Amino acid sequence: HWYATREIKSCNVNSNSSYGIKRKSPLQNLHLVSRSIRHPYYPSSKLQRPPLRISIQLFSSLNRLPLRKTKLLNVKYGYPFHRNFWLARLASRLLKLRYLILGSAVGGGYTAKKTYDQWKDMMPDLDEYKWIVPDFIWELDEHIDFEKLIKALPDADDLAKLLPDFDKIGESFTSLKGFFSPETKECLEKIDQLQEELLRTQLKYQRMLERLEKENKELRKLVLQRDDKGIHQRKLKKSLIDMYSEVLDILSDYDASYNTQDHLPRVVVVGDQSAGKTSVLEMIAQARIFPRGSGEMMTRSPVKVTLSEGPHHVALFKDSSREFDLTKEEDLAALRNEIEIRMRNSVKEGCTVSTETISLSVKGPGLQRMVLVDLPGVISTVTSGMAPDTKETIFSISKAYMQNPNAIILCIQDGSVDAERSIVTDLVSQMDPQGKRTIFVLTKVDLAEKNVASPSRIQQIIEGKLFPMKALGYFAVVTGKGNSSESIESIKEYEEEFFQNSKLLKTCMLKAHQVTTKNLSLAVSDCFWKMVRESVEQQADAFKATRFNLETEWKNNYPRLRELDRNELFEKAKNEILDEVISLTQVTPKHWEEILQKTLWERVSTHVIENIYLPAAQTMNSGTFNTTVDIKLKQWTDKQLPNKAVEVAWETLQEEFSRFMTEQKGKEHDDIFDKLKQAVKEESIKRHKWNERAEDSLRVIQHNALEDRSISDKQQWDAAIHFMEETLQSRLKDTESVIEDMVGPDWKKRWLYWIGRTKEQNIRNETKNELEKLIKCNEEHAAYLANDEVTTVRKNLEARGITVDPCLIKDTWHQIYRRYFLKTALNHCNLCRRGFYYYQRHFVDSELECNDIVLFWRIQRMLAITANTLRQQLTNTEVRRLEKNVKEVLEDFAEDNEKKVKLLTGKRVQLAEDLSKYLLLY
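Scoring rules and cut-offs
- Residues numbered from 1 in each chain as written.
- Predicted model: local features only at pLDDT ≥ 70, side-chain atom pairs only at ≥ 80, totals over all residues.
- Heavy atoms only, no water.
- Pairing = 2+ DSSP bridges.
- Helix = DSSP H or I, 4+ residues; strand = E, 2+ residues; numbered from the N terminus.
- Contact = heavy atoms within 4.5 Å.
- Axes fitted to C-alpha atoms, helices over the stretch in contact; angles between N-to-C directions.
- Buried < 20%, exposed > 50% of the residue type's maximum accessible area, 1.4 Å probe, protein only.
- Expected span 1.5 Å × (residues − 1).
- Polar contact = N/O pair within 3.5 Å; in protein donor to acceptor, adjacent residues only side chain to side chain.
- Salt bridge = Lys/Arg side-chain N within 4 Å of Asp/Glu carboxyl O.
- Phe/Tyr/Trp six-rings, centres within 6.5 Å; stacked < 30°, edge-to-face > 60°.
- UniProt positions renumbered as here; feature names shortened; annotations may be inferred.
- Core = buried A, V, L, I, M, F, W, Y, C linked by side-chain atoms within 4.5 Å.

## So, the sheet that holds strand β2 (residues 303-309)
Within the open sheet, the nine strands sit side by side as β4-β3-β5-β2-β6-β1-β7-β8-β9. Their pairing is mixed. Unpaired on one side and paired on the other, β4 (324-325) and β9 (473-476) mark the two borders of the sheet. Note: strand β3 (residues 314-317) against strand β5 (residues 358-364), four bridges, orientation antiparallel. Looking across to β5, one finds that Val314 is bridged to Lys363. Packing of helix α16 (residues 424-431) onto the sheet brings it into contact with β1 (267-271), β7 (408-414) and β8 (438-443), and relative to β7 it is tilted by some 160°.

## Structural notes on unusual backbone geometry
Positive phi values are uncommon outside glycine, yet Ser274 reaches one of about 65°. Along the chain, Ser274 turns up in the loop between β1 and α13 (277-285). Accessibility expressed as a relative area gives 43% for Ser274, which makes it partly exposed. A positive phi angle is found at Gln286, which is not glycine, with a value near 60°. Tracing the backbone through its elements, the reader meets Gln286 in the loop between α13 and β2.

## Topic: helix α15 (residues 390-402)
With 13 residues, α15 extends 18 Å between its outermost C-alpha atoms, agreeing within 8% with the 18 Å of an ideal straight helix rising 1.5 Å per residue. For α15, the set of buried residues is Thr390, Thr393, Ile394, Phe395, Ile397, Ser398, Tyr401 and Met402. At its buried positions, α15 is contacted by β1, β6 (370-374), β7 and α16.

## Concerning the side chain of Asp414
Along the chain, the position of Asp414 falls in strand β7. Given the relative accessible area of 10%, Asp414 is considered buried. A polar contact of 3.4 Å, which involves the side chain of Asp414, links it to the side chain of Lys444. Aside from chain neighbours lying at most four places away, what touches Asp414 is Ser274, Ala275, Leu442, Thr443 and Lys444.

## Side note on the pattern of salt bridges
Evaluation of the coordinates by the stated rule reveals 38 salt bridges. One salt bridge connects Arg566 with Glu913, and the closest N-O pair in it is separated by 3.7 Å. With a gap of 347 residues between them, Arg566 in helix α22 (residues 566-584) and Glu913 in helix α36 (residues 907-921) connect regions that are remote in the sequence. By relative accessible area, Arg566 is classed as buried at 9%.

## Looking at the packing of aromatic side chains
As enumerated under the stated definition, the model contains 14 aromatic pairs in all. Here Phe498 and Phe499 contribute two aromatic rings whose centre-to-centre distance is 5.1 Å and whose plane-to-plane angle is 70°, an arrangement assigned as edge-to-face. Judged by its relative accessible area of 4%, Phe499 is buried. Counting every residue linked through ring pairs, the aromatic cluster contains Trp601, Tyr613, Phe723, Phe821 and Phe856.

## Observations concerning the UniProt feature "coiled-coil region" (unreviewed entry) in the protein
Residues annotated in UniProt with the feature "coiled-coil region" (unreviewed entry) correspond here to residues 184-229 and 872-899. A helix fraction of 96% and a strand fraction of 0% characterise residues 872-899, whose end C-alpha atoms lie 36 Å from each other.

## Section: the nonpolar core
Taken as a class, soluble globular proteins show a tendency for nonpolar side chains to be buried jointly. Within the largest apolar cluster, 101 residues are counted, with the highest numbers of intra-cluster contacts made by Tyr613, Trp636, Leu653, Trp717, Ile853, Ile859 and Val886. With 17 residues, helix α34 (residues 851-895) is the largest single contributor of residues to this core. With residues near it in sequence (within four places) discarded, Tyr613 still touches Val608, Phe625, Met724, Leu728, Phe821, Ala825, Asp852, Leu855 and Phe856. Counting 42 residues, the second largest nonpolar core, distinct from the first, contains Ile284, Ile289, Ala315 and Val362.

Given below as structure tokens:
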């Protein structure tokens with residue numbers, strides 16, 4: 001202090017000489033020694049700027065440090081002390097460099113600790129989620145001796161030996177005092193030596209970290225494995241990443257069905273074809289799991305890979321329980337083959353790539369937890385064998401995944417090809433212009449270093465100066481020598497060896513944290529979980545709001561109904577349909593027989609009247625009548641009647657089934673099932689076939705019934721008469737209606753409704769009058785007109801000025817005679833009401849013949865027996881077969897989602913589907 005005071009006083013004395021002028025000196029030209037000297041007794045002294053002749057800025061590494069403004073001593077120009085002491089001051093600066101390094105290390109440690117404390121405070125309280133960790137994890141200390149494990153780890157002295165020798169580094173920096181001699185080459189050599197020593201220290205640290213990580217990996221594996229002796233066997237609960245992956249799968253299905261978009265993070269791997277993106281993903285997964293090809297397109301559909309930590313290195317598909325052991329080459333080959341088969345099956349005919357996602361989970365010790373999606377490589381040209389729209393399809397798939405604002409884009413660029421040939425960088429820059437979620441990876445750096453004439457070009461790529469895109473980080477990796485049989489371990493060793501000897505690191509063109517796939521994996525995982533933390537809460541809030549809106553809409557529109565989605569509605573409809581089928585077995589036999597008998601008679605009555613009864617009634621005596629009836633009945637039974645009866649039974653079953661299916665059940669009826677029930681009914685009826693042997697057995701029964709002529713009592717006789725009268729009256733009514741249409745309205749209708757006759761109706765009316773006169777003249781007239789009778793009628797009409805065609809006369813005669821015959825037969829029925837006594841005596845000594853009553857009794861009895869037989873077949877066989885068909889149809893519909901979507905539609909179903917999806921997601 002005494003020496004410094006003397007120096008200051010001498011400087012003040014000399015400052016009053018004529019050589020110096022008082023002025024303020026610029027801070028940039030002040031040296032460190034003078035800046036550090038201040039006198040407490042002269043705070044107001046002014047600076048005097050000396051015209052220094054030698055600049056020290058070229059030798060100072062601290063010239064950009066912010067300097068504090070201070071008042072310095074006045075220095076007289078030409079003072080010998082200041083002219084000769086600049087070398088000592090410069091050496092003093094350099095000697096202080098090691099203290100700056102040590103200070104930076106201390107400050108950096110304090111800053112890291114403070115950052116860690118802040119990060120720890122920001123972490124949520126996970127005490128409520130202890131249930132995720134299995135109970136046996138908390139019991140490990142009872143079964144594993146951790147003290148032995150701690151003793152097995154290196155102690156503090158061993159770790160201290162691995163730390164750099166700061167004294168030697170200080171001595172190396174001290175040796176810099178002799179650098180600033182005229183021999184510049186020696187300075188450069190010493191700088192190179194320091195850089196090499198720094199690289200060796202860094203590699204030493206790297207090896208130490210790798211050893212510790214390996215030991216940590218073994219410890220993790222030991223913790224995750226089950227101890228058969230001490231830990232009870234129990235199924236492990238799903239990890240957080242597995243549950244997150246399942247949520248992504250559910251959202252993927254939800255998007256495919258409803259065309260919506262989720263914003264949860266994924267790591268999307270994109271790159272040009274054969275750029276090495278699949279190899280990068282394999283290095284992250286630490287297994288060669290993907291199909292391989294030489295220059296051809298191997299990734300034909302998106303592959304979602306969920307990486308998680310586990311005791312064993314295994315892989316399994318989402319829809320399969322088989323585990324592939326990734327430590328065995330045969331399992332790896334089987335896994336690659338399975339992935340290739342799934343890709344080819346997902347590609348539709350006429351296409352090259354598919355949008356269908358293949359979900360794969362990979363577990364293993366030391367794996368970084370994340371979800372990656374490997375996309376088909378971007379191509380510039382469609383080659384032969386590809387679909388014409390392959391290029392556009394790949395672009396659309398890539399954009400669909402990258403447009404998610406929370407997706408992390410892992411952009412893979414081949415370093416062995418010219419940067420100008422890259423396609424994917426332009427695509428990525430369009431989807432993420434600011435580069436806030438993009439990580440750039442340069443592959444095949446070993447080939448790039450050999451082939452690129454200017455290594456600075458690689459440096460420009462890694463620094464983000466060559467491509468127009470921006471990114472969060474830039475990485476350079478080596479994924480092997482190009483041999484498909486290389487193992488992951490050999491690739492890692494080759495990558496580490498390459499970067500240790502690479503000039504790119506030695507010349508500081510690349511930074512240590514920007515190389516190797518391991519550093520890439522750590523960076524991607526950190527970025528992924530950071531994005532997950534930021535986006536999951538936002539997505540959950542969005543889902544909550546949407547769910548609340550959907551629930552409010554449901555309560556307003558359907559306040560008394562449950563929120564049943566499409567599958568639940570189908571199950572409800574299925575139960576209703578099965579109940580309705582079971583109701584068929586509860587139909588009474590009487591009801592079945594009445595419907596069958598009535599329907600069968602409606603179907604065969606025309607044939608009986610027109611082809612059997614009317615022709616037989618034209619015969620001359622009862623013998624001929626019975627013979628004609630027997631012949632025609634047998635022919636009818638052999639050819640038509642059994643088939644008609646089966647058709648009637650099948651139609652009756654359909655009608656009853658349809659009645660139960662479509663019958664509204666009051667307030668409980670839900671019209672949302674109508675389309676589904678109709679489809680089930682149609683498909684079940686389509687599949688149902690009546691028993692082929694039914695007709696044969698039915699033919700015998702009907703033939704026997706029609707051969708019987710013995711009416712046992714008066715009640716059956718009266719029933720036959722009643723049956724005949726109903727039939728004939730129905731036919732007579734139909735005939736009267738046809739005649740009225742032919743001749744027009746009678747005089748009452750013409751007067752009451754002011755309706756007139758047409759010219760044709762007038763002609764037919766005149767023809768009818770002439771034919772009625774003909775029947776009155778001969779009540780025993782045959783059913784057909786003779787030619788001379790037709791001529792007579794035509795001439796009589798022509799005499800009155802009416803021209804008539806012979807065909808019109810015959811058509812009119814057919815209806816007139818039919819009406820006359822039916823009226824005569826009805827009158828005969830009245831006469832036969834008391835004819836049962838004569839029937840029992842076989843009409844002996846009686847002019848009354850009631851053979852037509854016997855015919856209708858035979859028909860009526862055949863109908864009753866046939867209805868009873870068909871009812872037995874229905875209740876015993878066909879209803880059960882129909883029920884079986886209905887169950888099969890419902891099972892087929894249950895597996896066909898497209899069918900369910902088509903048959904169960906409407907706003908209510910759609911709203912319930914949306915609600916069920918959001919309930920599942922949250």
